[in-house]
Protein chains: 2
Amino acid sequence: MQLDERKTKILQAIIRNYLETGEPVGSRTISKYTDLNLSSATIRNEMADLEEMGYILQPHTSAGRIPSDKGYRLYVDTMMEDREREVIEMKEMLVERQDKMETLLKQVAKVLAQNTQYATMISAPQTHHNKVKFIQLSRVDANQILAVIVVEGNVIKNNILSVAQELSDETLLKLNILLNTHLNGLSMEEINLGMIAAMKQQAGIHSDIVGEVIDAVAEAIKADEDLEIYTSGTNNIFRYPELADQQKASELINTFEEKQQLTGLVQEALADESSETGIQVYIGNETPVQSMKDCSVVTATYELGEGMKGTIGIIGPKRMDYDKVIHTLRTLQTQLDELYNTDKK
Amino acid sequence: MQLDERKTKILQAIIRNYLETGEPVGSRTISKYTDLNLSSATIRNEMADLEEMGYILQPHTSAGRIPSDKGYRLYVDTMMEDREREVIEMKEMLVERQDKMETLLKQVAKVLAQNTQYATMISAPQTHHNKVKFIQLSRVDANQILAVIVVEGNVIKNNILSVAQELSDETLLKLNILLNTHLNGLSMEEINLGMIAAMKQQAGIHSDIVGEVIDAVAEAIKADEDLEIYTSGTNNIFRYPELADQQKASELINTFEEKQQLTGLVQEALADESSETGIQVYIGNETPVQSMKDCSVVTATYELGEGMKGTIGIIGPKRMDYDKVIHTLRTLQTQLDELYNTDKK
DNA sequence: GTTAGCACTCGAGTTCAAGGAGTGCTAACA
DNA sequence: TGTTAGCACTCCTTGAACTCGAGTGCTAAC
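Quick notes on the rules
Residues numbered from 1 in each chain as written. Chains lettered and ligands numbered in written order. Predicted model: local features only at pLDDT ≥ 70, side-chain atom pairs only at ≥ 80, totals over all residues. Heavy atoms only, no water. Near = heavy atom within 4 Å. Polar contact = N/O pair within 3.5 Å; in protein donor to acceptor, adjacent residues only side chain to side chain. Helix = DSSP H or I, 4+ residues; strand = E, 2+ residues; numbered from the N terminus. Nonpolar A, V, L, I, M, F, W, Y, C, P; charged D, E, K, R; others polar. Buried < 20%, exposed > 50% of the residue type's maximum accessible area, 1.4 Å probe, protein only. Expected span 1.5 Å × (residues − 1). Contact = heavy atoms within 4.5 Å. Pairing = 2+ DSSP bridges. Axes fitted to C-alpha atoms, helices over the stretch in contact; angles between N-to-C directions.

Visitor: Sorry, what's going on with the protein's contact with DNA strand D here?
Guide: Residues in close proximity to DNA strand D total 20 residues, the closest being Arg 6, Thr 42, Thr 61 and Ser 62 of chain A together with Ser 27 of chain B. In this structure, a sugar or linking oxygen belonging to DNA strand D sits 3.1 Å away from a side-chain N or O atom of Ser 62 of chain A. Ser 27 of chain B places a side-chain nitrogen or oxygen 2.6 Å from a phosphate oxygen of DNA strand D. Mapped by element, the contributors of at least two residues to the surface near DNA strand D are α3 (40-53) of chain A together with α3 (40-53) of chain B. Among the elements that make up the surface near DNA strand D, the one with the highest residue count is α3 of chain A (4 residues).

Here is the structure:
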């Protein structure tokens, strides 16, 4: 069987209607809804075909039809209109110039959740590919040393370490020079054992302290291997009856709380380069996170220059407003881009 | 009417039973449950009295009784046995030596939630009363300066600031000395405008840059005025049917997400010094957070030396296991204390 | 003061019928 | 040959009536 133009129009109408109401839609509704001027009987025939083809399904006999995952998929891939919508100017809300990355990301997640009425997540840009820009040890106390490491993208990590024996100003200066000459310009992965050994040797009598220091530096650098994820709008799921029952709500909320469960989403989004826009749509079982099998997930990757890539995700019911979500994410991508660039100036 | 011994025993039995089951408890149950050897009829008479006195109430005629807020209050204040319980050794789980305060607190919240099966929150110790210990400016780039501020308790704040004109090494050194001499040993509140003006003057031709720098420092210091709160176990509320309906669940989850709504709890807990143990119990409407009017909240303050005080909260149904929760919190208090002290070594 | 007994209340759960939305099929129509 | 009207059928939803049982309050007897 072929999906001719009329079938397409009917399917589109079914999906649109279902997106709005969340109720199964019957033939009579469609017959009035569209400009096809067909009777409900004809629509019924077509609907039977569409069901056979797997685009829609009936929750039970004598109920209307709802889109299947396959139907949504078709809709997202080919049937969405690129209708212009007023997207609330998120930038305005964002540019209160949050210096801290963390606050910015939290803010983005929140604004996005308010905007879309879905649950949102955003992963902090991964930085362990970034190069070390600057290292400094300073003495805070007689036996406490503060290590500050700045990497590209102005991400700052720091660590306080206790040393058994007091270091002189001179030693500290030497160590600073040693660390900077060896490590500057290297990415975190490039720092290896051989290099550390070499540095220890050069440090001479202070080699044990260097060891301590380097360990601390390495630790500070590695600290955020497990990526930070911020979420917002979790309780928006209660807006959609199909997700709001105890079982599902509990699972979803758990997923949002145990954020590492969301890493799968981030990996997937970053890995899949198929779409040039960096926007992906996962419908139902397509999503890599088990607890979201009754949801749809839209992810977008963003980039804050210098290769700092992160992922934004919107999680809602299958009948989410794909047009709006995708459009919003696009806008957000460009706005984050602009924000980063004006930031540079 | 007087609350004699028998009435007390019966009330206690009602509460105990209700804590376990969550169901209204009837006279027959009590008559068998206790060692009083009274018939259900007698119990009924006593229950009528207890109801009149306001300790218990009936959801509807012909249902059993449930404790009122007043009943719970009496129970918590006077009737709890200090029965020894096995509290799972949280310390073991904590002492994986989390250097970062943040990770430690998140861990505490999580372990506590797993332990008690309630929702938990923990506020980061407030540091703006603490004294500045160390300030350092370093040049990262031609026109980027890194400001690092360490305050008592080894809390580190940092900020990258852009300067229009490049600063020489010498200027930087001067500025560092200037900042340290003026600000060291002061708490954040003690830094005022007059002092800043004086510093600007001393900086001479660099006064504008000093302004910038000090603004940045002030900003970095003030950054965490709004206190950090970490939560865990939100979805535990679904374990208790009386909290799990859509309306309440949604509100509660929202409160946990919009963490600033929890600040009320923290303020209250820190303010109220009535109990020497630092443990407070809020039942139903007693809680300062509106959305928790159907819950009970137990808070404990903890102290990590050097005046860094924070708050731990456990939020559950009114029929929470007060004994266990309070006991667990006590243990946690001492363990955090020990952890801090071994940390110092 | 305690208890047995009994009538009564009220919610939870079940059954049943009515109502309605929606379907599939058939036959007639253009 | 495609479209449509019509009709019987299915199945969910709603609400009323009913039963059941837990629990109560009250009274009278012990």
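Visitor: Just checking my understanding: could you explain the protein's contact with DNA strand C for this structure?
Guide: Neighbouring DNA strand C are 20 residues, the closest being Ser 27 of chain A together with Arg 6, Thr 42, Thr 61 and Ser 62 of chain B. Counted by atom, the contact set of DNA strand C within 4 Å of the protein is 74% sugar and phosphate. Separating a base nitrogen of DNA strand C from a side-chain N or O atom of Arg 44 of chain A is a distance of 3.1 Å. One nitrogen or oxygen atom from the side chain of Thr 61 of chain B is found 3.5 Å from a phosphate oxygen belonging to DNA strand C. When residues of the surface near DNA strand C are traced back to their parent elements, those giving at least two are α3 of chain A together with α3 of chain B. When residues of the surface near DNA strand C are assigned to their parent elements, the largest contribution, 4 residues, is made by α3 of chain B. Among the residues forming the surface near DNA strand C, the class breakdown is 4 nonpolar, 12 polar and 4 charged.

Visitor: Help me out: how do you make sense of unusual backbone geometry in this one?
Guide: All names here are of chain B. For Asn 37, which is not glycine, the phi dihedral falls at a positive 55°. Locating Asn 37 in the fold gives a position in the loop between α2 (27-33) and α3. Asn 37 gets classed as exposed once you look at its relative accessible area, which sits at 71%. For Ser 62, which is not a glycine, the phi torsion comes out positive at approximately 65°. Within the secondary structure, Ser 62 sits in the loop between β1 (56-57) and β2 (66-67).

Visitor: Explain helix α10 (residues 246-257) of chain B to me, please; I cannot follow it from the model alone.
Guide: Over its 12 residues, α10 of chain B extends 16 Å from the first C-alpha to the last, a length consistent with the 16 Å expected when each residue adds 1.5 Å. The complete set of buried residues in α10 of chain B reads Ala 249, Ser 250, Leu 252, Ile 253, Thr 255, Phe 256 and Glu 257 of chain B. Buried-residue contacts for α10 of chain B involve β7 (229-232) and α10 (246-257) of chain A together with β3 (119-123), β7 (229-232), β9 (295-303) and β10 (309-317) of chain B.

Visitor: Is there a simple way to think about the environment of Ile 43 of chain A in this case?
Guide: Residues and elements named next belong to chain A. Position of Ile 43 relative to the elements: it lies in helix α3. What makes Ile 43 buried here is its relative accessible area of 0%. When the C-alpha atoms of Ile 43 and Arg 28 are compared, they prove to be 7.9 Å apart, with 15 residues separating the residues in sequence. When neighbours within four sequence positions are excluded, Ile 43 is seen to be in contact with Ile 10, Ser 27, Ile 30, Ser 31 and Leu 38.

Visitor: Help me out: how do you make sense of the sheet that holds strand β5 (residues 144-151) of chain A in this one?
Guide: Whether parallel or antiparallel, the strands of a sheet pair through hydrogen bonds between backbone atoms. Residue and element names in this part refer to chain A. If you trace the 3 strands from one edge of the open sheet to the other, you get β4-β5-β6, paired in antiparallel fashion. Either end of the sheet is taken by a strand with one partner, and the two such strands are β4 (132-141) and β6 (155-162). Taken over all neighbouring pairs, the strand axes of this sheet differ in orientation by 15° on average, direction set aside. Where β4 meets β5, 8 bridges bridge the pair, whose relative direction is antiparallel. When the sheet's bridge partners are listed, Asp 141 is paired in β5 with Gln 144. Helix-sheet contacts for helix α7 (residues 169-183) involve β4 and β5, and the interaxial angle to β4 is about 165°.

Visitor: Whenever I open this one, the pairing of strand β8 (residues 279-283) of chain B confuses me. Can you help?
Guide: Both faces of the sheet carry side chains from a regular strand, because those side chains alternate between them. All names here are of chain B. The buried count for β8 comes to 5 of 5 residues, which makes it a mostly enclosed element. Residue alternation in β8 divides its side chains into two sets, Ile 279, Val 281 and Ile 283 and Gln 280 and Tyr 282, and both sets are buried. With 5 bridges connecting them, β8 and β9 associate as antiparallel partners. Within β9, the residue paired with Tyr 282 across the bridge is Val 297.

Visitor: Please explain helix α1 (residues 5-21) of chain A as it appears in this structure.
Guide: Residues that lie three or four places apart on an α-helix share one face, since the helix turns once every 3.6 residues. All names here are of chain A. For α1, built from 17 residues, the straight-helix expectation of 24 Å at 1.5 Å per residue is met to within 8% by its first-to-last C-alpha distance of 24 Å. Where α1 is concerned, the buried positions are Lys 7, Ile 10, Leu 11, Gln 12, Ala 13, Ile 14, Ile 15, Asn 17, Tyr 18 and Leu 19. Residues of α1 that are buried make contact with α2 (27-33), α3, β1 (56-57), β2 (66-67) and α4 (69-79). Looking one or two residues beyond α1, the residue adopting positive phi is Gly 22, at roughly 75°.

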